[in-house]
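# Structural characterization, general
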Amino acid sequence: MNTSALIVMLTTIALVTFLMIYFFMKVINTPPRPEPDSYTENDDEVGRQVPNR
Amino acid sequence: MSANKESWGSRVGLILAMAGNAVGLGNFLRFPVQAVQNGGGAFIIPYLICFLVMGIPLLWIEWSMGRFGGKFGHHSTPFIVDTMGKNRLWKYIGVFGIWTNIAVAAYYCYIESWTLSYVFHSIIGTFSGMDQEAVSNFFGEYTSLGTSTLGIPYEPIVFYVLCLLLNTWILSQGLSSGVERVAKIGMPLLILFGLFLAFKGVTITAGVNGAINDSSVGLNFLWTPNFDQLWSPTVWLAAAGQIFFTLSVGMGTVHCYASYVRSKDDIALNAMSAGWMNEFVEVVLGGAILIPISIGYLGIDRVTEMVQSGGLGLAFRSLPYLFYQWGDLLGAISGVMWFGLLFFAGITSSLAMGTPWIGFLQDEFNWERRSAAWSFGLFVFLLGMPTVLFFKYGVFDEYDYWAGTVSLVVFALFESILFAWVFGMDRGWREIISGADINVPGIYKFIIKFITPLLLLWVFLGSLFTPKGGDWGAAMSGTWVLDNSSIINKLKNIDLKEKLAAATDPGAIEQLQETLFFVNASRILLLAVWLCLALLVYIAYKKRVREGRI
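## Examining the interface of chain B and chain A
- Each partner contributes to the interface: chain B provides 39 residues, whereas chain A provides 29 residues.
- With both sides pooled, the region where chain B packs onto chain A buries about 3,000 Å², and carbon together with sulfur makes up 69% of that total.
- Contact with chain A buries surface across chain B, with Trp-223, Lys-264 and Trp-276 of chain B losing the most and accounting together for 19% of the total.
- Arg-33 of chain A is the salt-bridge partner of Asp-437 of chain B, the closest N and O atoms lying 3.2 Å from each other.
- No other element matches the 10 residues that helix H14 (residues 268-298) of chain B contributes to the side of chain B that touches chain A.
- In terms of residue class, the side of chain B that touches chain A is built from 20 nonpolar, 10 polar and 9 charged.

## As for the packing of aromatic side chains
Residue and element names in this part refer to chain B.
- Per the counting criterion, the structure on display carries 46 aromatic pairs over all chains.
- Between Trp-8 and Tyr-257, the aromatic rings sit 5.0 Å apart at their centres with planes inclined by 80°, giving edge-to-face as the arrangement. Note that Trp-8 is positioned in the segment before helix H1 (11-22) and Tyr-257 in helix H13 (residues 253-258), a separation of 249 residues in sequence. The pair Trp-8 / Tyr-257 is uniform in exposure class, with both members buried.
- Where Phe-127 meets Phe-138, the ring centres are 5.2 Å apart and the plane angle is 85°; that geometry is what we call edge-to-face. Pair noted here: Phe-127 is in the loop between helix H7 (96-124) and helix H8 (132-143) and Phe-138 is in helix H8, with a separation of 11 residues, a long-range link.
- When its relative accessible area of 1% is taken as the criterion, Phe-127 is described as buried.
- By relative accessible area, which is 7% here, Phe-138 ends up buried.
- Here the guanidinium or amino end of Lys-200 rests over the ring plane of Trp-326, the centre of that ring lying 4.7 Å away.
- Above the plane of the ring of Tyr-401 lies Lys-490, whose end atom (NZ or CZ) is 4.8 Å from the centre.

## Some remarks on the state of the cysteines
- For the coordinates displayed, the defined rule picks out 0 disulfides over all chains.
- Of all cysteine sulfurs in the structure, the one in Cys-109 of chain B sits closest to Cys-163 of chain B, which takes part in no disulfide; the separation is 5.3 Å.

## Describing empty space enclosed by the protein
All names here are of chain B.
- Counted under the stated rule, the structure contains 2 cavities of 30 Å³ or more.
- Reported here for the largest cavity is a volume of approximately 60 Å³.
- Taken together, Met-18, Asn-21, Ala-22, Leu-59, Trp-63, Leu-247, Val-254, Ala-271, Ala-274, Gly-275 and Asn-278 make up the full set of residues lining the largest cavity.
- At the level of elements, H1, helix H4 (44-71) and H14 are the ones that each hand at least two residues to the lining of the largest cavity.
- In terms of residue class, the lining of the largest cavity is built from 8 nonpolar, 3 polar and no charged.
- Quantified by volume, the second largest cavity comes out at close to 40 Å³.
- Lining the second largest cavity are Phe-31, Ala-35, Gly-40, Gly-41, Phe-43, Ile-44, Leu-222 and Trp-223.

## A few points about the side chain of Arg-11 of chain B
- Residue position: Arg-11 of chain B is located in helix H1.
- When sequence neighbours within four positions are dropped, the list of residues in contact with Arg-11 of chain B reads Val-27, Thr-30 and Tyr-39 of chain A together with Asp-266, Leu-269, Asn-270 and Asp-437 of chain B.

## Focus: unusual backbone geometry
- The step from Glu-35 of chain A to Pro-36 of chain A runs through a cis peptide bond, and the omega angle for that step is 0°.
- Position of Pro-36 of chain A relative to the elements: it lies in the segment after helix H1 (3-29).
- Backbone geometry places Asn-493 of chain B, a non-glycine residue, at a positive phi of 55°.
- Classification of Asn-493 of chain B by relative accessible area gives buried; the value is 8%.

## Digging into the nonpolar core
Residues and elements named next belong to chain B.
- Grouped together as the largest cluster of nonpolar side chains are 204 residues, with contacts concentrated most on Phe-28, Trp-60, Leu-190, Phe-244 and Trp-338.
- Ranked by residues supplied to this core, first place goes to H14 with 20 residues.
- Phe-28 has contacts with Val-23, Leu-190, Val-281, Leu-285, Gly-286, Ile-289, Leu-290, Trp-338, Leu-341, Leu-342 and Ala-345, leaving out every residue within four places of it along the chain.
- Formed by 5 residues, the second largest nonpolar core is a distinct cluster that contains Ala-503, Leu-512, Leu-516 and Val-519.

Rules used throughout
Residues numbered from 1 in each chain as written. Chains lettered and ligands numbered in written order. Predicted model: local features only at pLDDT ≥ 70, side-chain atom pairs only at ≥ 80, totals over all residues. Heavy atoms only, no water. Contact = heavy atoms within 4.5 Å. Buried area = accessible area lost by both parts, 1.4 Å probe. Salt bridge = Lys/Arg side-chain N within 4 Å of Asp/Glu carboxyl O. Helix = DSSP H or I, 4+ residues; strand = E, 2+ residues; numbered from the N terminus. Nonpolar A, V, L, I, M, F, W, Y, C, P; charged D, E, K, R; others polar. Phe/Tyr/Trp six-rings, centres within 6.5 Å; stacked < 30°, edge-to-face > 60°. Buried < 20%, exposed > 50% of the residue type's maximum accessible area, 1.4 Å probe, protein only. Lys NZ or Arg CZ within 6 Å of the ring centre and 35° of its normal. Disulfide = S-S within 2.5 Å. 1 Å grid on protein atoms, 1.4 Å probe; cavity = no way out; pocket = protein on both sides within 12 Å on 5 of 7 lines; lining within 4 Å. Points joined across faces, edges and corners; volume = space filled by probe spheres on them. Core = buried A, V, L, I, M, F, W, Y, C linked by side-chain atoms within 4.5 Å.

So, in C-alpha cells, the structure goes:
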C-alpha cells in the first residue's frame, strides 16, 4: 500500500476501534442505577432493591 | 390507558438493538462505494466531521426526545413531538416518523429477503460451478421474477413473504423477548462474520486462486486520499448523506427505542456507544470486504464501472462467484457468512422500523402487541408488493428516494429546529445530560443549537437545488442549471422525459412510458399512505381530547 493510504486507513481504524471499545467498556463498567430502572433482567438481583449508599 | 407495558431487558441489549437499528445494508454496500466516488481516503475526513457535528448531535436529540416522550407514555413520533412544541401541527410533522418506517420497510424487507434467499442458495450450492455471467444472470432473473431455480413458483415473493412473516413474528414477541433477543444474537454474529470476511479481504494475493491483484490494490483504491476533493461541496454533501443513512436518524426509530428508557437512566453514553459501534462496522468491516475482494479478482476498471450503479450489483452479481475462487467449501461458507451478515444487518433494522407503528397503535388505540405487529406485517406486505412486482419500472427506487432519502433529511431538519429552538436549548440540554454516565462536552450546546440545523438546512437545500454535474463553482458564478438528481428535477421526472425524447426504438419508448406511469403511481401511493397516517393521528388526537388526556 502507498504511505498516504496506509496512514489514513490505520489512523481511522485505530480511532474508530478505540472509541467503540472505550464507550462499550464504559457501559459495561458503569454500575446500574437502583431500581426501578429501565431494564427488567436485573430486577431480581439481590441488593438492587434499595438505593445504593 | 395504553396497552403498552414494554421495557428493555438489559442496557447492553438496548445498545445492541440501537446499534442493530443503525447497522444496515448500507454499512457494507453504500459506504465503500460513496468513499470510492468521493475522494477515497479523503472522504473519511468530511465523513467523520459530519459524524461529530451532525450525527452525534442528532443521536442525542433523538434519544432525548424519545425518553422525554416516554415519560408521558408516547412511543411514536407524532405525540412525542407534540409534547415538545405547543403548535398542534407538530404532530403531523411526527407522521414522518411512522410513514418513513413503513415505506422503507416495504422495499427494505425485499432486499432482506434476497439475502435470506442467497444464504439458502449458498448452503445448497447453487452458485458452485457457475461462471460470473451465470451468477449475474441469476440475480437478473431473480429480481425480474424469472425462472425459479428451486422449482418454487415466484421464488422471490415466497422469500419476501417468509421474511415478512419472520419480522412480524419477532415483533409480536415484544421488545425484550423479540427485538432485543435478535439483536443479542445477530450483532455478535454479524461482527464475527464481518471479521472473517475482512480478514479474507485483506489477505488476497495476486496469482493465488485466480486473484489478479493483491488486497493492497483495493485498499489503495479505497483509502488513497485525494485532498483536492475536500473542497468540493458535493463530497461534503455525500458525507453528510452517508451519516444520515448509516445512523438511521430522521426516521423515528431511535425515538421509539429510547421512549422505553426511564428519565433517570443514561442516554448520552448509550447513544455514543451505539453510534461508535455502527461506525466500527461501517468503516472497519465495511471498508475491508466489498472493494478489496472485488478489485482483487475483477480489477480496478471493472469495479469502477460496476460501482457507478451502487454496491448492490457487486454484492449480489459478483461476490457469490468470487467466493468460489477460494474453493467449494470455503466459497459456500463465505457466501453464508456474507449474506448472513447482510441479513442480520437488515433484520435488526427492519425490526426497528416496525416498532413506531406498533407503539402508536398500542398507545392510541389500545391494540395488543401481537395484533399491532401483524397489522404492520400486512401493511408492509401490501405496500411492498408493488416494489416486488414492478421492480424493473423503478418503483423500488422511488420508495428509496422519497421515503429512504428525502424524508429523513426533512424530518431531521424539523426535529433539530423543534429541539433547539422551540422546546428550547436549555431544556433540551438538561434532557441530554439528565442521568448521563459521561460528561457531555459543553461545545455541543452550541453545535446542536446552530451548527446541526444549519448543516441539515444546507443538506436539504443542496439536494433540492443540486447544480448540474455537482459543479458548484459554475452554479455560484451565475449559471445555476439543476442536475437531474436534484429533488426539483426528480419531481418533474426530467431524466425520464429526456430519455423518452431521445429514444427511437418503439420497445424502449414503451418501457420508458410504463416506467413514467409507475414512478408517478408510486408517488401517489406514498402520498396516500402519508395522508392516511395523518388522518389516524388526527383521530387519535380527537380521541385523546374526548378522553380528557389533552
